[in-house]
Amino acid sequence: MRHLLSPLDLTIEETNTLLDLARDISKNPEKYSHVCDGKRLATLFYEPSTRTRLSFEAAMMNLGGTVLGFSSANSSSASKGESVADTIRVVSCYANICAMRHPKEGAPRVAASKSAIPVINAGDGGHQHPTQTLTDLMTIRELRGSLNNFTIGLCGDLKFGRTVHSLINELIRYENVKFVLISPKELRVPDYIIETLDEKHIEYEVVEKLEDVISKLDILYMTRVQKERFFNEDDYLRMKDFYILNKAKMDMAKPDMYVLHPLPRVNEISIEVDDDPRASYFKQVQFGVYVRMALILTLLGLDKEVR
Ligand code: CP
């Protein structure tokens with residue numbers, strides 16, 4: 001039985017196969033509409049979510065399966081003190097696969113160690129968000145045609161933004177991907193990520209001003225400042241509007257520089273950018289359904305049935 005706790009749980013070949021499957025699903029959805037008949041997905045969300053939870057639910061329903069779960073710790077027996085380990089043993093009796101979001105780093109790994117069903121990490125604290133990474137990979141591949149040979153700027157809260165951590169970990173496996181890490185000093189990527197980039201001799205630069213580097217980017221990955229991970233409200237208020245991508249900044253970018261954002265957006269992308277053909281964050285949301293469909297099929301061992 002396989003789980004997905006980190007993007008690196010899939011080899012690069014498996015990732016590319018999954019992205020091929022996601023593309024086939026996007027082109028031929030009817031072919032997949034009954035593959036999960038009789039299967040159940042449990043969504044165990046101890047933290048708020050719109051996209052990840054609903055896209056998992058849409059994914060399972062698109063495959064013919066059904067869903068059950070909870071959308072906050074307060075509406076589950078976690079509020080009475082039940083552990084993640086006990087919860088997953090119980091949920092294993094009700095469902096065939098589960099997606100778990102939890103504020104504590106490593107909680108999905110604990111669940112996987114006690115689970116009788118595949119566990120998917122749907123975001124654990126400031127750590128990893130592997131299905132967002134698969135979504136980002138599909139978006140980049142569909143827009144650019146390749147996951148090799150480009151420069152990506154990651155901008156905003158690179159300290160707490162788990163989507164950034166997962167995406168860097170993944171993209172260093174591809175060829176000639178250069179990173180521009182754009183953040184205020186206080187929100188730089190954790191040292192362990194810089195150490196990995198250094199160890200693997202990956203080209204990167206660390207900057208504070210988006211205007212200084214936007215013209216060299218092929219992809220701009222914007223992120224929001226993660227209010228829920230700050231200990232101090234004043235620090236959040238000081239940082240929250242540090243970056244605002246607007247039309248003037250887009251005018252400085254390449255004509256084919258795509259803008260991605262895992263969403264939710266707060267102020268960091270002005271709504272005037274939404275109509276720019278390079279703004280790709282809502283396309284990204286749709287790709288998120290296809291990759292989660294492909295992932296459910298892969299972890300349930302049903303991916304070969306429809307080839
Ligand atoms: N991108 C993302 O994880 O969004 P949600 O928090 O709404 O799931």
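Residues numbered from 1 in each chain as written. Predicted model: local features only at pLDDT ≥ 70, side-chain atom pairs only at ≥ 80, totals over all residues. Heavy atoms only, no water.

A.B. asks: How should the nonpolar core be read in this particular structure?
C.D. replies: For soluble globular proteins, the rule of thumb is that nonpolar side chains tend to be buried together. Core analysis: the biggest nonpolar cluster contains 60 residues, and I152, L154, I168 and F179 have the highest contact counts within it. In terms of residue count, helix α10 (residues 281-299) provides more of this core than any other element does, 10 residues in total. In terms of domain composition, this core takes at least three residues from each of domain 1 (7-128 + 288-306) and domain 2 (130-285). Dropping the residues within four chain positions of it, L154 is found in contact with V164, L167, I168, F179, V180, L181, I182 and Y221. Grouped together as the second largest cluster of nonpolar side chains are 21 residues, V180, I182, I269 and Y281 included. (Core = buried A, V, L, I, M, F, W, Y, C linked by side-chain atoms within 4.5 Å. Buried < 20%, exposed > 50% of the residue type's maximum accessible area, 1.4 Å probe, protein only. Helix = DSSP H or I, 4+ residues; strand = E, 2+ residues; numbered from the N terminus. Domains from an automatic or database assignment. Contact = heavy atoms within 4.5 Å.)

A.B. asks: Looking at this structure, I do not really get helix α3 (residues 84-91). What am I missing?
C.D. replies: Residues spaced three or four apart along an α-helix face the same direction, because each turn holds 3.6 residues. Inspection of α3 places V84, A85, T87, I88 and V91 among the buried residues, and these make up the whole buried set. Axial view of α3: buried residues confined to an arc of 160 degrees, hence all on one face. (Arc of directions from axis to C-beta.)

A.B. asks: What exactly am I supposed to notice about the packing of aromatic side chains here?
C.D. replies: Geometrically, a pair of aromatic rings is defined through the distance of the ring centres and the angle of the planes. This model, assessed by the stated rule, comprises three aromatic pairs. Centre to centre, the rings of Y281 and F282 are 5.4 Å apart; their planes meet at 65 degrees, and the pair counts as edge-to-face. The positively charged end of R292 is found above the aromatic ring belonging to F56, 5.3 Å away from the centroid. (Phe/Tyr/Trp six-rings, centres within 6.5 Å; stacked < 30°, edge-to-face > 60°. Lys NZ or Arg CZ within 6 Å of the ring centre and 35° of its normal.)

A.B. asks: What is the right way to read the site of the ligand from this model?
C.D. replies: Taken together, the residues surrounding the ligand are S49, T50, R51, T52, R101, H129, Q132, P262 and L263. The contact in question runs from an oxygen atom of the ligand to an N or O atom on the side chain of R51, over 2.8 Å. The contact in question runs from an oxygen atom of the ligand to an N or O atom on the side chain of T52, over 2.6 Å. In isolation the ligand exposes 250 Å². Once the protein is present, 90% of that is buried. (Near = heavy atom within 4 Å. Polar contact = N/O pair within 3.5 Å; in protein donor to acceptor, adjacent residues only side chain to side chain. Areas by Shrake-Rupley, 256 points an atom, 1.4 Å probe, with all protein chains shown as cover.)

A.B. asks: It is not clear to me how the sheet that holds strand β3 (residues 97-102) should be interpreted in this structure. Could you clarify?
C.D. replies: By way of backbone hydrogen bonds, the strands of a sheet pair with one another, either parallel or antiparallel. Reading across from one edge, β2-β1-β3-β4 is the order of the four strands in this open sheet, with parallel pairing throughout. Only two strands of the sheet have a single neighbouring strand rather than two, namely β2 (66-70) and β4 (119-124). Looking at each pair of strands side by side, their axes are set apart by 15 degrees on average, direction ignored. Bridge analysis of β3 against β4 gives four bridges, and the strand direction is parallel. Residue H102 lies in a different strand from β4, and its bridge partner there is D124. In the packing of helix α4 (residues 107-114) onto the sheet, the strands contacted are β3 and β4, and the crossing angle to β4 comes to about 165 degrees. (Pairing = 2+ DSSP bridges. Axes fitted to C-alpha atoms, helices over the stretch in contact; angles between N-to-C directions.)

A.B. asks: I'm lost on unusual backbone geometry in this one. Help?
C.D. replies: Backbone phi values are negative for most residues with the exception of glycine, while trans is the configuration of most peptide bonds. Going from L263 to P264, the amide bond is cis rather than trans, its omega being 10 degrees. Relative to the assigned elements, P264 resides in the loop between β9 (258-260) and α10. Positioned with a positive phi, H201 is a non-glycine residue whose angle comes to about 55 degrees. Tracing the backbone through its elements, the reader meets H201 in the loop between α7 (191-199) and β7 (204-207). When its relative accessible area of 73% is taken as the criterion, H201 is described as exposed. The backbone phi angle of L263 is positive, close to 60 degrees, even though this residue is not glycine. For L263, the location among the structural elements is in the loop between β9 and α10. By relative accessible area, which is 12% here, L263 ends up buried.

A.B. asks: I keep staring at the sheet that holds strand β5 (residues 150-155) and nothing clicks. Help me out?
C.D. replies: With respect to topology, five strands assemble into an open sheet ordered β7-β6-β5-β8-β9, the strand pairing being parallel. Only two strands of the sheet have a single neighbouring strand rather than two, namely β7 and β9. Sheet twist, expressed as the average angle between the axes of neighbouring strands with direction ignored, equals 20 degrees. Pairing geometry for strand β6 (residues 177-182) and β7, over four bridges, is parallel. Paired with F179 across the strands is Y204, a residue of β7.

A.B. asks: Is there a simple way to think about the pairing of β3 in this case?
C.D. replies: Look at any regular strand and the pattern is simple: side chains alternate between the two faces of the sheet. The element β3 is extensively covered by neighbouring structure, given that six of its six residues are classed as buried. Residue alternation in β3 divides its side chains into two sets, I97, A99 and R101 and C98, M100 and H102, and both sets are buried. Note that strand β1 (residues 40-45) and β3 share five bridges and pair parallel. Paired with T43 across the strands is A99, a residue of β3. You can see the chain leave β3, run along α4 and come back into β4, and the turn it takes is right-handed. (Right-handed = clockwise from strand over helix to strand, strands pointing away.)

It is worth stressing that arrangement in space is one thing and function is another; only the former is reported here.
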